[in-house]
Amino acid sequence: MPHYTLLIGGEHVDTSESYDVVSPGNGEVIATVAKGGVEHVDLAVAAAERAFKESGWRETPAHVRADVVEKAVEQIGARAAEISELSARENGTPIRLAGGLSVGFPIMHMQYFAGLARTFVADRPAYANGSVTGIIRNEPIGVVAGIIPWNFPLLLAVWKAVPAILAGNSIVLKVDEKTPSTAFVLAEILSDCGLPAGVLNIITGDGETVGGHLTAHPRVRKISFTGSTATGRTVMRNAAANVKQVTLELGGKGANIVLPDADLDLAVDGTLWGFLMHAGQACESGTRLFVHDSIYDSFVERLVKRASELTVGDPTDPATDIGPVMNAAQRARIESLIDSAFEEGATLEYQGKPSATAHEAGQFVPPTIFTNVTSSMRVAAEEVFGPVLSVMRFSDVDAVVEEANNTEYGLASGVWSRDIAAATEIAGRLEAGTVWINDWHSLPGPLPFGGHKQSGFGREMGPNAITAFTNEKVISIDQSGRGARAAWSLVLP
Ligand code: NAD
């Protein structure tokens, strides 16, 4: 059975305690991973700082850094089957989906980041005024901390580590102990492709103590965090200790609005994809569905019919559409929200069942659709992070926009309509970092991703993905050297 050890300064560091890595599809322990403590945070930060100062990586031209990342892309592609299998076994991602979600997306985004690095210009001339000229320089920040959850472990490791290192920084990445393997694969591949030791360090450990120590660490200059809104608040407080830069990608409660003129077949399938992809364990899931009164009955009927065609079960089986949720704790949390929907008077419109071959120790929550939901019910107000949909009816567009915005979350929303101009006008009024029109979950690298309101701030991907990991510096040059004296002469005799 694999045992993953921490990666600090290029060395594999084992610890006295370890975590079991449990497959959500069948309850088997499939690996163990070393459990880090605050001392490992200190070692990893020191290693990252040493690498930043001494490895030569920060002085390496950006296009050469891009070469390393592009070589790594080839190796990830060559190991696609292994990574997909790890994702299915460790994360419960259905194997048919894993090739795209756990390999294709990371590759596509790494290629995008490498392309950005090729055109990255660190120094830009800013002005020329008489004898004074100025340069604006984007330089690496230093030691960056990346903290990721368990739902998309390789993709999120890529979003944190790759732009950070392409900008010339070093990073300490704290991975979730439930899904550690693919970040170690990424580190191994980057190292093989020429990334100096210590530029990427990987640790695990208790979120509150290890994550807390990392985010408060005085030598860490920037935090890029993905996780829940509650933890995001703590991270922000910790970061205040030495005024670190912070990017927070937090939770969501996506509103999905279906207008009467939508292509209903596409909207039904898009809605299912929007709340069921990866068993609903995506921050950008569309879990609040608003359907126009005039199409409501037929839409719900089609939705239930299509949902009933899905196979819930073993994530390693290519016949499976929906896999398990992450673990018993997640399942219990989702089931308690399902219970609350019953208690608060929602109607269960549909609930699937695990297939006959699904393992009895698997953490299955089948697709669940509630109607007669109101926005104040817990199931419609809280982030479920599971395959549960709250369906609501509307007749007035202004009212539905207000209802859609009636949440502290603001990550993603969607509108379905054949009238693109009308849908775009509604998109403009929705409080969300991303609004999909006739689509859901597509995240092309060139488009920045992040939240409004309590879904966080700062952006990943998009044209500023690398500059987000830099500090801006102005170098102002007076060729004559007389500017300061001229200014002084205004006040000095
Ligand atoms: P979580 O906040 O509990 O944990 C996320 C990470 O933070 C883990 O690595 C954890 O160990 C660490 N952590 C926990 N406490 C910490 C602390 N006090 N200081 C520093 N680090 C700490 O989240 P989770 O339940 O594991 O993940 C699911 C959440 O992540 C959901 O809310 C989901 O919406 C969100 N998410 C957001 C995005 C996005 O891009 N916006 C993407 C994926 C997931």
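Q: Would you mind showing me how to read the sheet that holds strand β21 (residues 470–478) here?
A: The strands making up a sheet are joined through hydrogen bonds of the backbone, oriented either antiparallel or parallel. With antiparallel pairing, the three strands of this open sheet are ordered in space as β6-β7-β21. In the strand order of this sheet, the two ends are held by β6 (123–129) and β21, each with one partner. The average undirected angle you get between the axes of adjacent strands in this sheet is 20 degrees. Here β6 pairs with strand β7 (residues 132–140) via six bridges, running antiparallel. Looking at β7, one finds that Arg124 is bridged to Ile136.

Q: Is there a simple way to explain the layout of surface pockets in this structure?
A: The gaps left among the atoms become clear once a water-sized probe is rolled over them. Put simply, the largest pocket is a space of about 960 Å³. As for the largest pocket, its lining consists of 49 residues, of which Pro149, Phe225, Thr226, Gly227 and Ser228 are closest to the centre. Secondary structure elements with two or more residues in the lining of the largest pocket: α4 (95–118), α5 (153–166), α7 (207–216), β11 (222–226), α8 (229–239) and α11 (328–343). Looking at the lining of the largest pocket, its residues break down into 23 nonpolar, 16 polar and ten charged. Formed jointly, the lining of the largest pocket draws a minimum of three residues from each of two domains, domain 1 (3–249 + 463–475) and domain 2 (255–437). By volume, the second largest pocket is sized at about 300 Å³. In terms of lining, the second largest pocket is formed by 15 residues, of which the most central are Arg96, Trp273, Leu310, Asp321 and Ile322. Elements supplying a minimum of two residues to the lining of the second largest pocket: α4 and α9 (264–276). When residues of the lining of the second largest pocket are assigned to their parent elements, the largest contribution, four residues, is made by α9. Looking at which domains feed residues into the lining of the second largest pocket, each of domain 1 (3–249 + 463–475) and domain 2 (255–437) gives three or more.

The rules behind each value
Residues numbered from 1 in each chain as written. Predicted model: local features only at pLDDT ≥ 70, side-chain atom pairs only at ≥ 80, totals over all residues. Heavy atoms only, no water. Pairing = 2+ DSSP bridges. Helix = DSSP H or I, 4+ residues; strand = E, 2+ residues; numbered from the N terminus. Axes fitted to C-alpha atoms, helices over the stretch in contact; angles between N-to-C directions. 1 Å grid on protein atoms, 1.4 Å probe; cavity = no way out; pocket = protein on both sides within 12 Å on 5 of 7 lines; lining within 4 Å. Points joined across faces, edges and corners; volume = space filled by probe spheres on them. Nonpolar A, V, L, I, M, F, W, Y, C, P; charged D, E, K, R; others polar. Domains from an automatic or database assignment.

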